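# Remarks on the overall topology
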Amino acid sequence: MGVYNRAPLAFERGEGARLFTADGTAYLDCVAGIATTALGHCNPVLVNALKAQADKLWHVSNIYRIPGQDELADKLTAQSFADVVFFTNSGTEAVECALKTARKHHSHNGNPEKIDIIGFDGSFHGRTYAAVNAAGNPAYVEGFGPKLPGYIQLKFGDMEALKAAMGPTTAAIIIEPVQGEGGARAASDEMLRQMRALCDEHGALLIFDEVQSGMGRTGKLWAHEWSGVTPDIMAIAKALGGGFPIGACLATAKAADGMTVGAHGSTFGGNPLAMAVGIAAFDEIAKPETLANVIDVAGYLGQQLQGLKDRFPDVIVDVRGKGMLIGVKLIPNNRDFMALAREHNLLVAGGGDNCVRLLPPLNLTLDEAREAIEKFEQTCETARAKAAA
Ligand code: PLP
């Protein structure tokens with residue numbers, strides 16, 4: 001189906017932060033499969049984990065115990081607020097599970113009227129019906145039949161509107177601690193604290209969508225750790241498998257109390273191949289040196305990009321985001337800028353609010369970061385020359 005606006009570029013292989021076309025041309029990859037190949041392309045630790053599991057067992061179904069699920073769930077719960085985990089194949093399925101878990105919690109506890117899910121503009125939660133309704137972006141909702149009942153969108157950051165919207169029918173608030181697709185917009189710590197308090201006051205659940213911001217992207221394992229606020233439910237995916245399709249919905253035991261036998265399921269979710277790679281990826285990403293590298297290299301990138309903003313006020317309006325989820329708001333069209341960057345063998349992602357995003361692998365070296373800045377600077381020069389022509 002013609003649903004993708006693809007760049008005229010195809011890659012044959014990847015190694016670390018490099019992608020290579022069939023003719024051997026190298027590109028510096030600051031997209032990383034949109035924050036997914038977080039340990040670089042074909043990371044040998046992940047390749048070995050996948051190969052070893054491929055020789056043993058691929059798939060059995062969730063009607064049996066899958067030892068890797070216990071192991072990865074133990075790691076995730078040991079290093080988060082959560083007590084229980086449901087494994088999915090993608091981020092949107094993790095969000096779907098989060099939303100179902102929230103509503104089921106309320107009906108299970110005798111409050112079936114609590115169905116309203118409050119989301120915010122600029123959010124992206126994936127493409128299932130529930131996910132597009134939760135985010136409310138008209139471009140992704142319209143034309144697909146009636147909007148689902150029980151979804152409310154508010155302006156990001158409008159805490160007064162949020163206070164007014166919370167009530168006895170509120171099931172949950174869903175928010176990305178740092179918006180990804182929306183253009184690397186971080187919710188302030190104070191916003192998250194107020195949301196936590198409002199949820200507690202109204203008996204509602206707080207859902208964090210950390211599909212993009214989680215798994216070390218901001219320099220902590222979870223972006224919400226910066227605020228000290230914990231959710232009741234969290235969706236993760238992307239970097240969790242380092243490029244292998246996997247997602248997970250994490251929850252406290254209380255929030256997940258309605259998710260009893262038969263309430264939910266998946267054929268592929270949590271299969272042995274995904275678990276083997278997920279365990280290897282988690283161990284690498286959770287290492288203090290990986291997270292320290294994110295903070296160091298992101299600090300360098302942020303500082304240099306601010307410098308470019310000062311030098312190119314006709315190109316760059318704003319530099320924002322958190323850690324290695326970096327947004328650069330532009331004056332020239334972001335898609336044109338991405339094409340210009342490709343001419344300089346640099347790959348950057350698009351984002352809302354006319355941003356380009358830099359989402360490099362978390363193990364990007366300082367040398368590679370310097371190269372990324374050089375190429376970004378060259379791209380700004382080309383953009384400036386084009387505007388003048
Ligand atoms: N949530 C967020 C914050 C995302 O950034 C994405 C994907 O970009 C999703 C959910 C959906 O994930 P997936 O594309 O794996 O379904």
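Just above sits the structure.
For the structure given in this document, a descriptive report is provided here. Remember, it's a predicted structure, so these values are computed and weren't measured experimentally. (Residues numbered from 1 in each chain as written. Predicted model: local features only at pLDDT ≥ 70, side-chain atom pairs only at ≥ 80, totals over all residues. Heavy atoms only, no water.)

### Observations concerning the state of the cysteines
What counts, and what does not: Throughout, disulfides are identified as pairs of cysteine sulfur atoms within 2.5 Å of each other. Relative accessibility under 20% of the residue-type maximum defines a buried residue, over 50% an exposed one, and the middle range a partly exposed one, all with a 1.4 Å probe and only protein chains included.
Counted under the stated rule, the structure contains 0 disulfides. For cysteine 30, which is in no disulfide, the shortest distance to another cysteine sulfur is to cysteine 380 and amounts to 13 Å. Relative accessible area serves as the criterion here: at 1%, cysteine 30 is assigned to the buried category. Just so you know, cysteine 199 is unpaired, no disulfide at all, and the nearest cysteine sulfur is the one on cysteine 249, 15 Å from it.

### Here we look at the pattern of salt bridges
What counts, and what does not: When a carboxyl oxygen of Asp or Glu lies within 4 Å of a side-chain nitrogen of Lys or Arg, that pair is called a salt bridge. Numbering goes from the N terminus for both helices and strands, where a helix is a DSSP run of H or I of at least four residues and a strand is a run of E of at least two.
For the coordinates displayed, the defined rule picks out 19 salt bridges. The shortest N-O distance in the salt bridge between aspartate 70 and arginine 65 comes to 3.1 Å. Here aspartate 353 ties to arginine 320 by a salt bridge, and the two come within 2.9 Å at their closest N and O atoms. Placement of aspartate 353 in the loop between strand S16 (349–351) and strand S17 (355–358) and of arginine 320 in strand S13 (residues 316–322) is noted, with a sequence separation of 33 residues between them. Three or more residues are tied together by salt bridges with common partners; here these are Asp318, Arg320, Lys329 and Asp353.

### Considering the environment of alanine 17
Heads up, the condition is: Should any heavy atoms of two residues lie within 4.5 Å, those residues are counted as being in contact.
For alanine 17, the location among the structural elements is in the loop between strand S1 (13–15) and strand S2 (18–20). When the C-alpha positions of alanine 17 and cysteine 30 are compared, they lie 7.4 Å apart, and in sequence the two are 13 residues distant. Discounting residues that sit within four places of it in the chain, alanine 17 has contacts with Tyr27, Leu28, Asp29, Pro361, Leu364 and Glu368.

### Topic: the site of the ligand
What counts here: In these notes, residues near a molecule or strand are those with any non-hydrogen atom within 4 Å of it. Two N or O atoms count as a polar contact when they lie within 3.5 Å, although within protein this holds only if one can serve as hydrogen donor and the other as acceptor, and sequence-adjacent residues are included solely when both atoms are side-chain atoms. To measure how exposed things are, a 1.4 Å probe is used in the Shrake-Rupley method; for residues, cover is taken only from the protein chains shown.
Around the ligand sit Ser90, Gly91, Thr92, Phe124, His125, Gly126, Glu176, Glu181, Asp209, Val211, Gln212 and Lys238, and that is every residue in its neighbourhood. Between the ligand and threonine 92, the relevant distance is 2.8 Å, taken from an oxygen atom to a main-chain nitrogen or oxygen of the residue. Protein contact buries 82% of the 390 Å² of open area that the ligand shows by itself.

### Looking at the packing of helix H10 (residues 288–311) against helix H12 (residues 366–388)
For clarity, the threshold we go by: To get an axis, a line is fitted to the C-alpha atoms, and for a helix only the part in contact is used. The angle between two axes follows their N-to-C directions and goes from 0 to 180 degrees. An angle below 35 degrees is treated as roughly parallel, one above 145 as roughly antiparallel, one from 65 to 115 as roughly perpendicular, and anything else as oblique. Crossing handedness: left-handed means the near helix sits turned counterclockwise from the far one by under a right angle, and right-handed means the same turn made clockwise. Classification used: nonpolar for Ala, Val, Leu, Ile, Met, Phe, Trp, Tyr, Cys and Pro, charged for Asp, Glu, Lys and Arg, polar for all others including Gly.
With their axes 10 Å apart at the nearest point, H10 and H12 run at an angle of 20° to one another. Here H12 runs roughly parallel to H10, going by the angle between their axes. The chirality of how H10 crosses H12 is right-handed. Only Leu366, Ala369, Arg370, Ile373, Phe376, Glu377, Glu381 and Arg384 of H12 make contact with H10, whose side of the interface consists of Val297, Tyr300, Leu301, Gln304, Leu305, Leu308 and Arg311. Taken together, the residues of the contact of H10 with H12 sort by class into 9 nonpolar, 1 polar and 5 charged.

### Some remarks on the sheet that holds strand S3 (residues 26–29)
Short version of the rule: Criterion used throughout: strands pair if DSSP finds at least two bridges between them.
A sheet is described by the order of its strands in space; here 4 strands give the open sequence S1-S2-S3-S15, paired in mixed fashion. Whereas interior strands pair on both sides, the edge strands pair on one side only; in this sheet they are S1 and strand S15 (346–347). By the bridge criterion, 2 bridges tie S3 to S15 in an arrangement that is parallel. Residue pairing in the sheet places leucine 28 in a bridge with leucine 346 of S15.

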